[in-house]
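Next come the chains, spelled out residue by residue.
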Amino acid sequence: HWIVDNLEHVTKNSPQIVQAAELLKKNELVAFPTETVYGLGANAKSDEAVAKIYSAKGRPSDNPLIIHIAKKEQLTEIVDSYPDWIDPLIDRFWPGPLTLVLPKKEGLSNLATAGLSTVAVRMPDHPAALALIEAANLPIAAPSANLSGKPSPTSAKHVMDDLEGRIPGIVDAGPTGLGVESTVLDCTEDIPVILRPGSVTKQQLEEVIGSVRIDAALLNQEELPKAPGMKYTHYAPDAPLTIVDGSKEFIEQLIQKEKEKEKKVGVLTTEENSRFYSADKIVVCGKRSDLRTVASALYDSLRKFNEEQLDVLFSEAFPAEGVGQAIMNRLLKAASHRIIKER
Ligand code: TXA
Ligand code: MG
């Protein structure tokens, strides 16, 4: 457990970073912070190292990993030639929460890419992550550092709660900022496709490269998603969660009906509405007037429901605009797509 408490001064030569990088070079796992969520890192060139990620997380091996780099030059190690319109995206959004799916080059672990001919790559915008990748001098494969199916970790405590005893090291630099994982953009089609919505929005992408599509599977549950990981149940709290698209009066009625049945009820709400409800556990997830605060608090909020025994959970719905698209995508997964609409 290496604590980095001064992010302004962390470099590839900081003692904590050097020690953590040693583990990576020995094909061991290290959990580390990014600007989105904590990642569970391994040498992306080694099958031995990458296999440890899948077993520590209990992750299905048909679900490929994102390769993290610290410098644009590292791209040439990982990807084959790519079209010209990619460069402006990289210049605008890297380092940052945008993952690009590009043609893969030989040399990476085939486990990391789950045998696909493409590779997902990003440069995280976090000084400790960049220092660690530089110190290891390797491309680093890293999924979110949670047990498969659990909400992604936005603090070192979340990582420990899930993986303590299963991983040899963690770089702890406090809570992450953005809270939802990177936007995954498939750049192997003529019109690029958002496979997973994230902090970089469709509108921001379109300002740089023109028209962008959204994977049909994100809009329609019947389609099979192209990002293999998007088909799995994910983020689910222990008690069943239902999203309620309606007024707070309507949500309060649902809560009261459950309470009449002697059920323990949890509700995910926002600063604006929290005082309104009579639920047994009220989790305040940011401010509705600023959806970035909701994204940032979302996974911690979902984990809070597991702190006590609850029978039924409700969540307010959010407008699926801008970062709200990522929030609703994650909430719907956490709720296994259960949603009640007020008529
Ligand atoms: O913000 C993030 O992206 C975090 C931090 C740690 O960087 N990482 C993350 O990784 O969320 P993970 O493994 O939890 O999610 C990776 C997603 C999965 O849905 C996976 O199926 C998709 O990216 N993916 C990876 N490689 C792909 C490929 N070649 N083609 C399509 N989808 C791919
Ligand atoms: Mg994940």
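Naming follows an unreviewed UniProt entry, where the protein appears as Threonylcarbamoyl-AMP synthase of Aeribacillus pallidus. Check the Sequence similarities (unreviewed entry) section of the UniProt entry for the protein; it says "Belongs to the SUA5 family." Listed under Catalytic activity (unreviewed entry) in UniProt, the entry text for the protein is "L-threonine + hydrogencarbonate + ATP = L-threonylcarbamoyladenylate + diphosphate + H2O".

(A) Structural context of empty space enclosed by the protein. Overall, the coordinates contain one cavity of 30 Å³ or more when judged by the stated rule. Here the largest cavity is characterised by a volume of approximately 60 Å³. Around the largest cavity, the lining residues are Thr-183, Ile-194, Pro-197, Gly-198, Val-200, Thr-201, Lys-202, Ile-214, Gly-322, Gln-325 and Ala-326. Per-class residue counts for the lining of the largest cavity are five nonpolar, five polar and one charged.

(B) Inspection of the pairing of strand E13 (residues 265-269) at higher detail. With five of its five residues buried, E13 lies for the most part within the structure. Residues Val-265, Val-267 and Thr-269 point to one face of E13 and Gly-266 and Leu-268 to the other, with burial holding for every one of them. Two strands pair when backbone bridges link them, and E13 and strand E15 (residues 312-316) are joined in this way by four bridges, in the parallel orientation. Looking at the pairing, Val-267 lines up with Phe-314 of E15. In terms of strand pairing, E13 meets strand E14 (residues 281-284) through four bridges, oriented parallel. The residue bridging Thr-269 from the neighbouring strand is Val-284, located in E14.

(C) Just the sheet that holds E15, in detail. Pairing is parallel across the open sheet formed by five strands, whose spatial order is E14-E13-E15-E12-E16. The open sheet has two free edges, formed respectively by E14 and strand E16 (339-341), since each of these has just one partner strand. The mean inter-strand angle of the sheet, taken between neighbouring strand axes irrespective of direction, is 20°. Summarising the sheet, strand E12 (residues 241-245) and E15 pair through four bridges and their orientation is parallel. Residue pairing across strands places Ile-243 opposite Ser-315, the latter belonging to E15. Sitting on the sheet, helix H11 (residues 324-334) touches E12 and E15, and the angle it makes with E12 is about 135°.

(D) Region of the structure containing the site of ligand 1. Taken together, 27 residues are adjacent to ligand 1, and Thr-36, Asn-63, His-68, Ser-182 and Gly-229 come closest. A distance of 2.8 Å separates an oxygen atom of ligand 1 from a polar side-chain atom of Arg-59. With respect to ligand 1, the side chain of Ser-182 contributes an N or O atom lying 2.5 Å from an oxygen atom. Breaking the shell around ligand 1 down by element, the ones donating at least two residues are strand E4 (66-68), strand E6 (118-122) and strand E10 (193-196). Of the residues belonging to the shell around ligand 1, the class tally is 15 nonpolar, eight polar and four charged.

(E) Structural detail: the environment of Val-101. Positionally, Val-101 belongs in strand E5 (residues 98-103). Residue classification places Val-101 among the buried positions, given a relative accessible area of 10%. Counting along the chain gives 85 residues from Val-101 to Asp-186, while the straight-line C-alpha distance between them is 4.6 Å. Setting aside residues up to four positions removed in sequence, Val-101 forms contacts with Thr-118, Val-119, Ala-120, Val-184, Leu-185, Asp-186, Cys-187, Thr-188 and Leu-195.

(F) Structural detail: the packing of aromatic side chains. This model, assessed by the stated rule, comprises two aromatic pairs. Between Tyr-235 and Tyr-299, the aromatic rings sit 5.1 Å apart at their centres with planes inclined by 20°, giving stacked as the arrangement. You can see Tyr-235 sitting in the loop between helix H8 (216-219) and E12 and its partner Tyr-299 sitting in helix H10 (residues 291-304), a full 64 residues away along the chain. Neither residue differs from the other here; Tyr-235 and Tyr-299 are each classed as buried. Considering the side-chain rings of Phe-276 and Tyr-277, the 5.9 Å spacing of their centres and the 90° angle between planes classify their relative orientation as edge-to-face. Classification of Phe-276 by relative accessible area gives partly exposed; the value is 35%. The ring of Phe-276 has Lys-248 lying over it, and the distance from NZ or CZ to the ring centre is 5.2 Å.

Analysis parameters
- Per chain, residues are indexed from 1 in the order of the written sequence.
- Working convention: letters from A go to chains and numbers from 1 go to ligands, in the order in which they are written.
- Residues qualify for local features only when their pLDDT is at least 70, as the model is predicted, and side-chain atom pairs are given and counted only at 80 or more; totals for whole chains, interfaces and linings, by contrast, use all residues.
- Side-chain calculation: all heavy atoms of the structure are included, whereas hydrogens and water are not.
- UniProt positions are given in the numbering used here, feature names are shortened, and annotations may be inferred rather than shown by experiment.
- Detection works on a 1 Å grid of protein atoms alone, calling trapped sets that fit a 1.4 Å probe cavities and calling open sets with protein on both sides within 12 Å along at least five of seven lines pockets, with lining residues defined by an atom within 4 Å of a point.
- Grid points are joined across faces, edges and corners, and a volume is the space filled by probe spheres set on the points.
- Each residue gets one of three labels, nonpolar for Ala, Val, Leu, Ile, Met, Phe, Trp, Tyr, Cys and Pro, charged for Asp, Glu, Lys and Arg, and polar for the others, Gly among them.
- For each residue, the accessible area found with a 1.4 Å probe, counting protein chains only, is set against the maximum for its type, and the residue is called buried under 20%, exposed over 50%, and partly exposed in between.
- Under the DSSP-based scheme used, a helix requires at least four consecutive residues in state H or I and a strand at least two consecutive residues in state E, with every element numbered from the N terminus.
- Should DSSP find at least two bridges between two strands, the strands are taken to pair.
- Lines fitted to the C-alpha atoms define the axes, with helices restricted to the stretch that makes contact. Angles between their N-to-C directions range from 0 to 180 degrees.
- Two residues qualify as a contact provided that any one of their heavy atoms is within 4.5 Å of a heavy atom in the partner residue.
- Each residue is tested against the molecule or strand, and it is near if at least one of its non-hydrogen atoms lies within 4 Å.
- Polar contact criterion, stated in full: a pair of N or O atoms within 3.5 Å, where within protein one must be able to donate a hydrogen and the other to accept it, and residues adjacent in sequence count only if both atoms are side-chain atoms.
- Ring pairs shown here join Phe, Tyr and Trp side chains whose ring centres sit within 6.5 Å, with only the six-membered ring taken for Trp; geometry is labelled stacked below 30 degrees between planes, edge-to-face above 60, and tilted in between.
- Lysine and arginine charges are scored as sitting over a ring when NZ or CZ, respectively, is within 6 Å of the ring centre and within 35 degrees of the ring normal.

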